[in-house]
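Each chain, written out:
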Amino acid sequence: MTIEVVASPSEVEREAILRILSAHNDASVGPTERRQVAIVLRDAAGTITGGLYGKIGYRWLFVEFLAIAPEHKGQGIGRDLMQQAETLARDAGCIGMWLDTFSFQARGFYEKLGFAQFGTIDDFPPGHARFFLSKRID
């Protein structure tokens with residue numbers, strides 16, 4: 001056996017490691033649906049100007065990214081995207097949603113949508129904090 005630091009890992013390394021971890025997790029708690037989801041916002045030309053990207057696993061939707069181009073902010077689009085994500089999660093049989101955000105991003109926005117903080121990492125990045133939030137939908 002050797003241990004190797006891979007400077008520029010590819011999807012091959014990621015998938016090999018994930019396959020081992022998923023097999024362990026499935027053996028411990030049973031198999032789960034794992035899939036990626038996306039809800040995109042497009043302008044009249046079809047260009048993506050924002051959206052939501054996430055993953056479903058263990059009956060939870062993890063919102064990995066939510067972004068809206070600056071010119072579209074303040075119009076309720078973020079709320080609409082999150083509501084569509086919640087509908088998607090319910091339709092997929094999820095019991096909740098979770099996400100993380102930074103102190104310079106949108107913690108208050110998520111709290112207005114019913115998310116509650118369950119964790120914090122201070123100084124991530126230095127001088128700021130990273131917050132973890134969740135919301136039960138069952």
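Residues numbered from 1 in each chain as written. Predicted model: local features only at pLDDT ≥ 70, side-chain atom pairs only at ≥ 80, totals over all residues. Heavy atoms only, no water.

**Quick look at the pattern of salt bridges**
Scanning the model with the defined rule gives 11 salt bridges in all. Glu 111 serves as the salt-bridge partner of Arg 107, at 3.0 Å between the closest nitrogen and oxygen. Of this pair, Arg 107 and Glu 111 both sit in helix H3 (residues 107–112), four residues apart, roughly one helical turn. What you see here is one network of salt bridges that share partners, running through Glu 11, Arg 14 and Glu 15. (Salt bridge = Lys/Arg side-chain N within 4 Å of Asp/Glu carboxyl O. Helix = DSSP H or I, 4+ residues; strand = E, 2+ residues; numbered from the N terminus.)

**Points about the nonpolar core**
Leu 61, Val 63, Met 82, Met 97, Leu 99 and Phe 115 are the most contacted members of the largest nonpolar core, which has 22 residues in total. For this core, the secondary structure elements donating two or more residues are strand S1 (35–42), strand S2 (48–57), strand S3 (60–68), helix H2 (77–91), strand S4 (96–102) and strand S6 (129–136). Not counting chain neighbours up to four residues away, the residues in contact with Met 82 comprise Leu 52, Val 63, Leu 66, Met 97, Leu 99, Phe 109, Tyr 110, Leu 113 and Phe 115. (Core = buried A, V, L, I, M, F, W, Y, C linked by side-chain atoms within 4.5 Å. Buried < 20%, exposed > 50% of the residue type's maximum accessible area, 1.4 Å probe, protein only. Contact = heavy atoms within 4.5 Å.)

**Things to note about the packing of aromatic side chains**
Evaluation of the coordinates by the stated rule reveals seven aromatic pairs. With a centroid separation of 6.2 Å and 35 degrees between ring planes, the pair formed by Tyr 53 and Phe 65 is classed as tilted. Within this pair, whereas Tyr 53 is found in strand S2, its partner Phe 65 is found in strand S3, the two being separated by 12 residues in sequence. Given a relative accessible area of 28%, Tyr 53 falls into the partly exposed group. Measuring from ring centre to ring centre gives 5.1 Å for Phe 109 and Tyr 110, while their planes differ by 70 degrees; the resulting arrangement is edge-to-face. Overall, Tyr 110 belongs to the buried group, its relative accessible area being 7%. The ring centre of Phe 131 lies 4.4 Å from the NZ or CZ of Arg 107, which sits over that ring. (Phe/Tyr/Trp six-rings, centres within 6.5 Å; stacked < 30°, edge-to-face > 60°. Lys NZ or Arg CZ within 6 Å of the ring centre and 35° of its normal.)

**So, helix H1 (residues 11–29)**
With 19 residues, H1 extends 26 Å from end C-alpha to end C-alpha; this agrees with the ideal 27 Å at 1.5 Å per step. Its side-chain oxygen at 3.1 Å from the backbone nitrogen of Val 12, Ser 10 defines the N-terminal cap of H1. (Expected span 1.5 Å × (residues − 1). Polar contact = N/O pair within 3.5 Å; in protein donor to acceptor, adjacent residues only side chain to side chain.)

**Focus: the pairing of S2**
The buried fraction of S2 amounts to seven of the 10 residues, a majority that puts the element mostly inside the structure. From the end of S1 to the start of S2, which pair antiparallel, there are five residues, and Gly 46 there has a positive phi angle of about 90 degrees. Here S2 pairs with S3 via eight bridges, running antiparallel. Paired with Ile 56 across the strands is Leu 61, a residue of S3. (Pairing = 2+ DSSP bridges.)

**As for the environment of Met 82**
Assignment of secondary structure puts Met 82 in helix H2. Owing to a relative accessible area of 3%, Met 82 belongs among the buried residues under this scheme.

**As for the sheet that holds strand S5 (residues 116–122)**
Spatially, S1-S2-S3-S4-S6-S5 is the arrangement adopted by the six strands of the open sheet, whose pairing is mixed. Two strands bound the open sheet, and with one partner strand each, they are S1 and S5. Along the sheet, successive strands turn relative to each other by an average axial angle of 20 degrees, direction set aside. Judged from the seven bridges that link them, S4 and S6 form a sheet pairing that is antiparallel. The residue bridging Met 97 from the neighbouring strand is Lys 135, located in S6. H2 contacts S1, S2, S3, S4 and S6 of the sheet and is inclined by roughly 160 degrees relative to S3. (Axes fitted to C-alpha atoms, helices over the stretch in contact; angles between N-to-C directions.)

By themselves, these are just geometric observations and shouldn't be taken as functional.
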